[in-house]
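Structural description and commentary
Here is what each chain is made of, one letter per residue.
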Amino acid sequence: MFKRILPARNLSAPVETRLFEISLFITVIIFYLWTGLGLWFGYEWPILGVYSSGSLVYTALYWAYKNGVSLRVISLLYYLLIFVILGIAWLPSGGLKGAITYFIVLVYLSGLLILDPRDFRLFILVSIGMVLVFTIYEFYVPNAAAPYTSDRGLLRDLAIANVTMLSVMALAMYIFKRAYSLDRVKLKRVNHSLEFEKQNVERANKAKTTFLANISHEMRTPLNGIVGTAELLRQTKLTNEQSDLVRDLVYSSDILRGLISNVLDISMIEEGKMVLMNTQFDYYKVISEVGQFFAPVMADKKGLELKLDQDFSIPVKLLGDPARLRQVVINLVSNAIKFTEEGHVKVTTKLLSKDASGVIIKTTVEDTGKGISPHHQEFIFDEFHRDEKVSGIEGTGLGLSICKKIVTSMGGLLTLDKSDDSGSIFSFVIQMKVNQGDDREVAIAVKKEQKTDYGALKVLIAEDQPINQMVLTKMLKNLGVTTIDLAEDGQKAVDVALEGDYDFILMDIRMPVKDGIQAANEILSNYSGAKAPVIISITANALKADQDACFAVGIKDFISKPFNVSDLQSTLEKYT
C-alpha cells in the first residue's frame, strides 16, 4: 500500500520527472498540513476552504499521475491550479505581508526546474503578471489584504512557510546534486569506454594500413611482371589469335591494376594521407598522355573514337599534381569507354580565365553511350555505388568517388552535367598557379625540334625480381637505351653505382641486404657537390608514407608498380 502511495525511486528516470513526482507528493502533504493547522488554530472559513479544496484537488492529480496520465498534462494542470489557489488565498492570507509570497517563490522556482521549455514563457508571464497585479492592487488599496489579528499568528505562518520552502528546495537541490553525480559517473564510464574503443579503432586502422601495404606489395610485384610482359609481347609480331589473347591479357591486367590502385587511394583519402604534389607541368601534355594511354584500347574498339580537343591558350608552366590530374581524366575516360559502344569519347579543355592569381581550367569528358538512369545519377559519386542492372561492366564503384575527392582536394568541382540516351557529360573546374615566363608557342616549337636521345643514357636497374629485371630492361631498350646494368640487392646497387657514372638509377625499395632507401641514401651521400645520378623509385610500396621516405633521402621521383612504357618514358623525360 505504502509503495503505491509514496514516490518510487526510479533513478533511471529524468531528474525533472523525479523532481515533479516528489513535488506533487509534497504539495499534497503541505495542503493537508495547512488544513490541519487551520482547524487547530481556528482559521477563518475562506482560508480553510482553500486548503481543504487544494488537498482534494492535488490528491486527485497525484492519483491521476500514478495511473498513467502524461507528465506534461499533469504538470500544466498542477501549475494552473496552484496559481488559481494562490490567487484565491492571496488577500485572505495577509497578502504581501503574509506567508503567501514564500509559496509564490517556491512555486516559481519549482516550475523553472520542472516544466518543459515549451511552457516556460507562459509560466513566467503568468507568475510575474500575478505578483504585479496583486502588488499594484495592494499599493492602491492598502486595506485589501486581511490583517493578522496578532503578531504571534504572523510569525507562526512565516515560520511554517520558511521551513516548508527551505525543506522543498533542499530536497530539490539534493535530487539535482545526486543526478549530477550519477551523470558524472556515467560520463566517466562512457569516456573510458570511448577511449578504449578509440584505441581499438586506431589499432584496427594501423593493422589495415599495414595489411594494405603488404598485400599491395605482394600483388603489385607479380602484376608488374604480367603487365610489363603483356605490353612487351604486344609489340612483337603476333598472329591474329595471339594478338587477341594478348589484348585480353592487357585489358584484364589493366582492370586488376585499377582495382588495386582504387582500394589504396580510397584508404589514403579516408585517412587523410593523400598529399597533393606541387610541381611544374604542362596541362596539354597530361591530356595527350591520356590519349596515348588509351591508344591500344581504342585500336580494339571498332566504331569508337577518342577525340582530344585542347585549348592552346592554356599556359605551359602550371603548378600542381599532374599524376592526380591524369588519374582523374583517365578514370573519367575509362568510364566513358565502358558505357559507349559506338560514336566517340571526347576530352575537351578550356581556359576559363587567367589573371595574376592563376588560371581556371575546365575539362570535359563527353561520350555517346547509353547514359545513366535518373535514379543512379543522384548516387553516382558515392563509394561502391554501381548500377547492378548494367551487366558486363567491371569495377568496384570507387573510380568516380575517388575522382570527386581528388578534384575537391585541388579546390575544384567535379559534376555530372548531362546524362541521357544520347550520352553523358562529366566536367571538372580547377584553379592553378602559373610559373613566370610561360610561352606555349615557343614550348611547342622546341618540343617538335627536340627529341630525347635515350641512347646516350646510362641506367642502373636495382631490382631483386628476375621477371621485373627483364621487363625493365626490355622497356628501356625499346626506348633506345643501350647501356643498362643490373644489381639484385641494395648493397650491390651501392657498389655498382659508385663505380659507374650513371644518369639514372631505377631503384626498388624492398630488396635484400639493404633496402632501396638505405642504398639511395648511401649513394647520394658520396656525391658531395658533384652531379649525382637521378634515382627513381620503382616499387610496389604505394602508400604516401613510402613516397615521403623516398623523397626524404633525395630520391627524385616515384613510379608505382605495375607500370607501362609510357609511365616510364614520361618520368625519364622530366630529367633528360
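Anything mentioned here points back to the structure above.
A count of helical and extended segments in the protein chain gives 19 helices and twelve strands. In the protein chain, buried positions account for 43% of the 576 residues. Put simply, 72% of the contacts in the protein chain that link residues at least 6 apart link residues at least 24 apart.

Look at helix 4 (residues 71-90) against helix 6 (residues 120-140): their axes get within 12 Å of each other, and the N-to-C directions meet at 5 degrees. Put simply, helix 4 runs roughly parallel to helix 6. Residues Tyr79, Phe83, Leu86, Gly87 and Trp90 of helix 4 form the contact with helix 6, whose participating residues are Phe123, Val126, Ser127, Met130, Val131, Phe134 and Glu138. The class makeup of the residues in the contact of helix 4 with helix 6 is nine nonpolar, two polar and one charged.

Here the focus is the packing of aromatic side chains. Any two aromatic rings considered together are summarised by their centre-to-centre distance and by the angle between their planes. Taken as a whole and judged by the stated rule, the model has four aromatic pairs. Considering the side-chain rings of Trp90 and Phe134, the 4.6 Å spacing of their centres and the 10 degrees angle between planes classify their relative orientation as stacked. In this pair, Trp90 sits in helix 4 while Phe134 sits in helix 6, placing the two residues 44 residues apart along the sequence. Assigned by exposure class, Trp90 and Phe134 land together as buried. Look at Tyr284 and Phe312: their rings are 5.2 Å apart centre to centre, the planes differ by 40 degrees, and that puts the pair in the tilted class. Separated by 28 residues along the polypeptide, Tyr284 in helix 9 (residues 283-293) and Phe312 in the loop between strand 2 (304-309) and strand 3 (318-320) bring together distant segments of the chain. On the basis of relative accessible area, Tyr284 is assigned to the partly exposed category, the value being 29%.

On to the nonpolar core, then. If you look at the biggest cluster of nonpolar residues, it comprises 45 residues, and the most contacted ones within it are Leu24, Tyr58, Tyr79, Ile82 and Leu86. Elements represented by at least two residues in this core include exactly helix 2 (15-41), helix 3 (45-66), helix 4, helix 5 (100-114), helix 6 and helix 7 (151-234). Within the second largest apolar cluster, 40 residues are counted, among which are Cys403, Phe428, Ile430 and Met432.

Another aspect to go through is the packing of helix 9 against helix 11 (residues 322-338). Interaxial distance between helix 9 and helix 11 falls to 10 Å at its minimum, and their mutual angle equals 45 degrees. Regarding the angle of helix 9 to helix 11, the classification is oblique. Judged by the sense of rotation from one axis to the other, the crossing of helix 9 with helix 11 is right-handed. Of the residues in helix 11, those in contact with Tyr283, Val286, Ile287, Glu289, Val290 and Phe293 of helix 9 are Pro322, Leu325, Arg326, Val329, Ile330 and Val333. A breakdown of the residues in the contact of helix 9 with helix 11 according to their chemical character gives ten nonpolar, no polar and two charged.

So, about unusual backbone geometry. In this structure, Val513 takes a positive phi of about 65 degrees despite not being glycine. Take Val513: it is sitting in the loop between strand 10 (504-507) and helix 17 (516-525). What makes Val513 exposed here is its relative accessible area of 64%.

The next point concerns the pairing of strand 9 (residues 483-487). Relative to strand 9, strand 8 (residues 458-462) is paired through five bridges, and the arrangement is parallel. Across the sheet, residue Val459 finds its bridge partner in strand 9, namely Ile484. In this fold, the crossover linking strand 8 to strand 9 by way of helix 15 (residues 466-479) has right-handed handedness.

Let us now look at the pattern of salt bridges. What the rule picks out here adds up to five salt bridges. Residue Glu573 pairs with Lys285 through a salt bridge whose shortest N-O separation is 3.4 Å. Taken as a pair, Glu573 in helix 19 (residues 565-573) and Lys285 in helix 9 lie far apart in primary sequence, 288 residues in all. One salt bridge connects Lys514 with Glu522, and the closest N-O pair in it is separated by 2.3 Å. On the basis of relative accessibility, which here comes to 27%, the residue Glu522 falls in the partly exposed class.

Attention now moves to helix 4. The first and last C-alpha atoms of helix 4 sit 28 Å apart over 20 residues, in line with the 28 Å expected at 1.5 Å per residue. Of all the residues in helix 4, the buried ones are Ile74, Ser75, Tyr78, Tyr79, Ile82, Phe83, Ile85, Leu86, Ala89 and Trp90.

What follows concerns the side chain of Gln327. Positionally, Gln327 belongs in helix 11. Of note is the side chain of Gln327, whose polar atom sits 2.6 Å from the side chain of Arg324.

Alignment of strand 6 (residues 413-420) against strand 7 (residues 423-434), held across seven bridges, turns out to be antiparallel. Bridging across to strand 7, Asp420 finds its partner in Gly423. As consecutive antiparallel partners, strand 6 and strand 7 are separated by two residues.

What counts as what
Residues numbered from 1 in each chain as written. Predicted model: local features only at pLDDT ≥ 70, side-chain atom pairs only at ≥ 80, totals over all residues. Heavy atoms only, no water. Helix = DSSP H or I, 4+ residues; strand = E, 2+ residues; numbered from the N terminus. Buried < 20%, exposed > 50% of the residue type's maximum accessible area, 1.4 Å probe, protein only. Contact = heavy atoms within 4.5 Å. Axes fitted to C-alpha atoms, helices over the stretch in contact; angles between N-to-C directions. Parallel < 35°, antiparallel > 145°, perpendicular 65-115°, else oblique. Nonpolar A, V, L, I, M, F, W, Y, C, P; charged D, E, K, R; others polar. Phe/Tyr/Trp six-rings, centres within 6.5 Å; stacked < 30°, edge-to-face > 60°. Core = buried A, V, L, I, M, F, W, Y, C linked by side-chain atoms within 4.5 Å. Left-handed = near helix turned anticlockwise from the far one by under 90°. Pairing = 2+ DSSP bridges. Right-handed = clockwise from strand over helix to strand, strands pointing away. Salt bridge = Lys/Arg side-chain N within 4 Å of Asp/Glu carboxyl O. Expected span 1.5 Å × (residues − 1). Polar contact = N/O pair within 3.5 Å; in protein donor to acceptor, adjacent residues only side chain to side chain.

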